[in-house]
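Single-letter residue listing:
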Amino acid sequence: MPTAILLYFDPPSEQRIRSLWQQLARDGVSNDLPASGIRPHLTLAVFDKLDCLPCEKVLARFARLTRHLDLSAAHFGVFFQPEITLFLAPTPTRTLLDFHAALHHSLKTHAHNSWQVYQPDSWVPHCTLAMNLNCEKIAPALASFSSIALPVALHATQIAAADFLPLTDLFRYDLREE
C-alpha cells in the first residue's frame, strides 16, 4: 500500500477548502471529497514503501524544526492525467519549495520508490478539490469558481504520514509555532 506524506492546515483554512468542496457538490460537479471523510491537505510525497518506525522519528524531528507555513493559493488548476482533477494551487514560494525539498532529503534513506510527480523539481503544489471527473464537469466547475475571491489564505500546521486508499493517517505531528 502506498504511503503519502501530507501537509495539514489549521481549522479556518480547512473550512475554506471544505466550503469549496461543498460548492462543487451543490453545483453537481462532485461530492467525492466531502463524502470521503478526508481532511483538506497538500500531498508532499508518495512512496511505494516507507519504513514507518524510522520515518516516524524523522518526521517528528522535521516537524519540531519546521515552522508553520503561511500559503497563498492564487489560482485554480486542472490535471488531465492520470484522471481529471481540479485543484486549488498555492503559490510555489521559495519557502514552500525549500520545505518540500528538505522533507524529501530527510526521508531519502527510509523511503523507497518515490512517485515522480511529487519529487522536487516535478511537484506542483495543489490541494485537490475534485477528482475522477469527466470532461463535461470542467466548465461547470470553472463557473462555480468564478465567484471565489483569490487568493485563498492557508495556514499549514501539521505534517502526517498516511496510507491510501482509503486515506488513513499513520501518525501526524504539529509543526513548530513561531
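Just above sits the structure.
Reference entry: report on the structure contained in this document. The shown structure was predicted, so the numbers you read here are calculated from the model rather than taken from an experiment.

Thresholds, definitions, all that
Residues numbered from 1 in each chain as written. Predicted model: local features only at pLDDT ≥ 70, side-chain atom pairs only at ≥ 80, totals over all residues. Heavy atoms only, no water. Buried < 20%, exposed > 50% of the residue type's maximum accessible area, 1.4 Å probe, protein only. Helix = DSSP H or I, 4+ residues; strand = E, 2+ residues; numbered from the N terminus. Arc of directions from axis to C-beta. Contact = heavy atoms within 4.5 Å. Salt bridge = Lys/Arg side-chain N within 4 Å of Asp/Glu carboxyl O. Polar contact = N/O pair within 3.5 Å; in protein donor to acceptor, adjacent residues only side chain to side chain.

1. Points about helix α5 (residues 138–145)
Side chains that are three or four residues apart share a direction in an α-helix, a result of its 3.6 residues per turn. Every buried residue belonging to α5 is among I138, A141, S144 and F145, and all of these are buried. All buried residues of α5 project into a common sector of 125 degrees when viewed along the axis, lining one side. Those residues of α5 hidden inside the fold are in contact with α1 (11–26), β3 (69–79), β4 (84–90) and β6 (127–133).

2. Some words on the pattern of salt bridges
In this structure the tally under the stated criterion is 4 salt bridges. As a salt-bridge pair, R18 and E14 come within 3.6 Å of each other at their nearest N and O atoms. Residue R18 and its partner E14 are located together in helix α1, separated by 4 residues, close to a single helical turn. Given a relative accessible area of 10%, E14 falls into the buried group. Residues joined by salt bridges that share partners form a network here, namely E14, R18 and R39.

3. What to know about the environment of D163
Mapped onto the elements, D163 comes out in strand β7 (residues 152–163). Apart from residues lying up to four places away in sequence, D163 is in contact with M1, P2, T3, T168 and L170. Of the polar contacts made by the side chain of D163, one reaches the side chain of T3; its length is 2.8 Å.

So, to be careful, I would describe these as geometric facts and stop short of saying anything about function.
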